[in-house]
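So you can see what is in the structure, the chains are spelled out below.
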Amino acid sequence: MTLLKEKFNYAPINRESVEGKRLYATPDGSKVPSVTTINSMLSKSGLDTWKQTQVLYAAVEYPRWDGEDEKEWVARILELAKAKSKEASERGTRIHDILDSYFSLDYVPEWPTYVHNIRKHLDATFGNRLWLSEKSFCHPEGYGGKCDLYSKADPINNLPGIVIDFKTTEKTPGELTPYYEYTLQLAAYREALAPNAVCANIFVNGDTHEVAIKVHSEQELKDGYEAFLSLLKVFKLKNRLN
């Protein structure tokens, strides 16, 4: 096995949002788009279907009031569905923050059960490793990002590096299949942090505390990075960044 080494030595960087685009500041002061921003150019049929479903649920649960104008009712339903999407996003952020605190070795009197379940899955899949949380970077190709969880290669014990991204869900994690953009995201992360690293998504249900891990194949990641570079090129052309 070829042991993986860090390809670039990244200095600490800042992240900001400009006109809805997540950007990372490079050491020379310029800004590059995040992996998430670049992947947003892809159609997300799964997410779109989920949002449409929330609109239908809201329409069934909150029927039109007597005397309510149709446009007013539609606007109310859309706002209710938007609130549901915001709630899901905020729940995901809370879970990510808790996991960041755990792997950053912050003191918390009691961790949620899903945190312990994630640790068990990590140990069972990869062994007892040292983990770095929220590892950020700006790649020379012109993109940046922040990896949820990263473990450096261990040459002494002949162990490869690992790149992990958490995904929260309301469904049963074990029944999920990663969306295509998840593969592209991990492929871009590992190319920036350590090419040839093992990459996986960990799905977390914060209500049931169920956890599942999906390790991506080497071919999936190679193809994913080629696809990501194509998206990156389109993004640069569209936004005149060349």
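The rules we used
- Residues numbered from 1 in each chain as written.
- Predicted model: local features only at pLDDT ≥ 70, side-chain atom pairs only at ≥ 80, totals over all residues.
- Heavy atoms only, no water.
- Phe/Tyr/Trp six-rings, centres within 6.5 Å; stacked < 30°, edge-to-face > 60°.
- Buried < 20%, exposed > 50% of the residue type's maximum accessible area, 1.4 Å probe, protein only.
- Salt bridge = Lys/Arg side-chain N within 4 Å of Asp/Glu carboxyl O.
- Helix = DSSP H or I, 4+ residues; strand = E, 2+ residues; numbered from the N terminus.
- Core = buried A, V, L, I, M, F, W, Y, C linked by side-chain atoms within 4.5 Å.
- Contact = heavy atoms within 4.5 Å.
- Pairing = 2+ DSSP bridges.
- Polar contact = N/O pair within 3.5 Å; in protein donor to acceptor, adjacent residues only side chain to side chain.

(A) Structural view of the packing of aromatic side chains. Applying the stated criterion to the full structure yields 10 aromatic pairs. Between the aromatic rings of Phe137 and Tyr143, the centroid separation amounts to 6.1 Å while the plane-to-plane angle is 90 degrees, which identifies the pairing as edge-to-face. Both residues of the pair, Phe137 and Tyr143, belong to the buried class. The rings of Phe137, Tyr143, Tyr189, Tyr225 and Phe228 are connected pair by pair, giving a single aromatic cluster.

(B) Seen up close, the pattern of salt bridges. Tallied over the entire structure, the rule returns eight salt bridges. Between Glu170 and Arg91 there is a salt bridge, and its shortest N-O distance comes to 2.5 Å. Of the two residues, Glu170 is situated in the loop between β6 (162-168) and α5 (180-193) and Arg91 in helix α3 (residues 70-103); the sequence distance between them amounts to 79 residues. A relative accessible area of 40% places Glu170 in the partly exposed class. Arg190 serves as the salt-bridge partner of Glu218, at 2.8 Å between the closest nitrogen and oxygen. Remark: Arg190 occurs in helix α5 and Glu218 occurs in helix α6 (residues 218-238); sequence separation between them is 28 residues. Through salt bridges with shared partners, a single network forms among Lys84, Glu87, Arg91 and Glu170.

(C) Region of interest: the nonpolar core. Ranked by internal contacts, the top residues of the largest apolar core, which has 24 residues, are Val35, Ile38, Phe137, Tyr143, Val163 and Phe228. Counting residues per element, the ones that place at least two in this core are α1 (35-39), β5 (143-151), α5 and α6. Other than its neighbours up to four places away in sequence, Ile38 contacts Pro33, Tyr143, Phe228, Leu231, Leu232 and Phe235. With 19 residues, the next largest nonpolar core counts Phe103, Trp111, Val115 and Phe126 among its residues.

(D) Expanded view of the pairing of strand β4 (residues 132-139). Looking at chain direction, β4 and β5 are connected through seven bridges and run antiparallel. Among the inter-strand pairings, Leu132 is bridged to a residue of β5, identified as Tyr150. Hairpin remark: β4 followed by β5, antiparallel, with three residues in the connecting loop; positive phi at Gly142, about 105 degrees.

(E) Highlighting unusual backbone geometry. A positive phi angle, near 55 degrees, is found at Glu134, a position not held by glycine. Along the chain, the position of Glu134 falls in strand β4. With a phi angle near 55 degrees, Asn158 is a residue other than glycine that sits in the positive phi range. One can find Asn158 in the loop between β5 and β6. The exposure class assigned to Asn158 is partly exposed, which follows from its relative accessible area of 44%.

(F) Looking closely at the environment of Asn39. Mapped onto the elements of the fold, Asn39 is located in helix α1. The exposure class assigned to Asn39 is buried, which follows from its relative accessible area of 5%. Between the C-alpha atom of Asn39 and that of Gln185, which follows or precedes it by 146 residues, the distance is 7.5 Å. Residue contacts for Asn39: discarding those within four places in its chain leaves Lys44, Glu181, Leu184, Gln185, Phe228 and Leu231. At 3.3 Å, the side chain of Asn39 forms a polar contact with the backbone oxygen of Glu181.

Interpretation in functional terms is not warranted from these geometric data alone.
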